[in-house]
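Summary of structural features
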Amino acid sequence: MEIQSAEEFFENTLPIKFKPEKAKDIEVIVQVNLLGDNPKDWVITIKNQKIHIFQGITTESAFVLKTEEKDFLEVVNGKISVEKAFFSGKINFKGDIVTALKLKNVGFL
């Protein structure tokens, strides 16, 4: 079933998709800024193999991901790989590339 909105992904899909067994060495706060007609901001914290998700903004993030909601949904629905989205400029991030790869491994992207 295709994910229709960022809310659906962050509130319903990501908590189920998250792989705590692959998050042993991850401690990160991620700021997601979804741009467009109806901008939204999300904060995802991964620590102690647990994930916490809330809508909002933090100044403590070590990793910032910015994209249009439609492009984000293409990635989470598997229509485009996160790598292709990044190299085509559809997704921008600020932070360590190693962290980005770890986020992919735990089911975030």
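Below you will find a few notes about this structure. This structure is a prediction, so every number in the text was calculated from the model and none was measured.

Our focus in this paragraph is the packing of helix H1 (residues 6-17) against helix H2 (residues 69-76). Running from N to C, H1 and H2 cross one another at 45°; their axes reach a closest spacing of 9 Å. With respect to H2, the axis of H1 lies oblique. Residue-level inspection shows Ala6, Glu7, Phe9 and Phe10 of H1 in contact with H2, the latter providing Glu69, Phe72, Leu73 and Val76. When grouped by side-chain class, the residues that make up the contact of H1 with H2 number six nonpolar, no polar and two charged.

What follows covers the nonpolar core. The nonpolar side chains of a soluble globular protein tend to be buried, and buried together. Formed by 31 residues in total, the largest nonpolar core has its most connected members in Phe10, Val30, Val32, Ile44, Ile46, Phe72 and Phe108. Elements that contribute at least two residues to this core include exactly H1, strand E1 (28-35), strand E2 (40-47), strand E4 (63-68), H2, helix H3 (82-87) and helix H4 (97-105). Residues within four places of Phe10 in sequence aside, it is in contact with Pro15, Val32, Leu34, Trp42, Ile44, Ile53, Phe72 and Phe108.

Next up on the list: the environment of Trp42. Structurally, Trp42 can be placed in strand E2. The buried category is assigned to Trp42, whose relative accessible area is 2%. With near-sequence residues (within four places) excluded, Trp42 lies in contact with Ala6, Glu7, Phe10, Glu11, Val30, Gln31, Val32, Leu34, Ile53, Phe54, Gln55 and Gly56.

Of note, Gln31 is situated in strand E1. The class of Gln31 is buried, set by a relative accessible area of 3%. Counting along the chain gives 32 residues from Gln31 to Phe63, while the straight-line C-alpha distance between them is 6.3 Å. When residues no more than four places from it in sequence are discounted, the contact partners of Gln31 are Asp41, Trp42, Val43, Gly56, Ile57, Thr58, Ser61, Phe63, Val64 and Leu65.

Bringing H1 into the picture now. With 12 residues, H1 ought to run about 16 Å at 1.5 Å a step, yet its terminal C-alpha atoms sit only 14 Å apart, falling short of that. Within H1, burial applies to Ala6, Phe9, Phe10 and Leu14. Down the axis of H1, the smallest arc covering the buried residues is 85°, so these residues share one side. Packing partners of the buried residues in H1 comprise E1, E2, strand E3 (50-55) and H2.

What follows covers the pattern of salt bridges. Applying the stated criterion to the full structure yields seven salt bridges. Glu7 is the salt-bridge partner of Lys40, the closest N and O atoms lying 3.8 Å from each other. Of this pair, Lys40 sits in strand E2 while Glu7 sits in helix H1, and the two are 33 residues apart along the sequence. For Asp71, the salt bridge identified is with Lys70, shortest N-O distance 3.3 Å.

To describe a pair of aromatic rings, one takes the distance between the centres and the angle between the planes. Following the criterion strictly, the structure yields eight aromatic pairs and no others. For the ring pair Phe10 and Phe72, a centre distance of 5.4 Å and an interplane angle of 15° mean the geometry is stacked. In this pair, Phe10 sits in helix H1 while Phe72 sits in helix H2, placing the two residues 62 residues apart along the sequence. We note that Phe10, like Phe72, is buried. Plain terms: the ring middles of Phe63 and Phe93 are 5.2 Å apart, the flat faces sit at 20° to each other, and that makes the pair stacked. Here Phe63 is found in strand E4, whereas its partner Phe93 is found in strand E5 (residues 91-94), with 30 residues between them in sequence. Given the relative accessible area of 23%, Phe93 is considered partly exposed.

Criteria and cut-off values
Residues numbered from 1 in each chain as written. Predicted model: local features only at pLDDT ≥ 70, side-chain atom pairs only at ≥ 80, totals over all residues. Heavy atoms only, no water. Axes fitted to C-alpha atoms, helices over the stretch in contact; angles between N-to-C directions. Helix = DSSP H or I, 4+ residues; strand = E, 2+ residues; numbered from the N terminus. Parallel < 35°, antiparallel > 145°, perpendicular 65-115°, else oblique. Contact = heavy atoms within 4.5 Å. Nonpolar A, V, L, I, M, F, W, Y, C, P; charged D, E, K, R; others polar. Core = buried A, V, L, I, M, F, W, Y, C linked by side-chain atoms within 4.5 Å. Buried < 20%, exposed > 50% of the residue type's maximum accessible area, 1.4 Å probe, protein only. Expected span 1.5 Å × (residues − 1). Arc of directions from axis to C-beta. Salt bridge = Lys/Arg side-chain N within 4 Å of Asp/Glu carboxyl O. Phe/Tyr/Trp six-rings, centres within 6.5 Å; stacked < 30°, edge-to-face > 60°.

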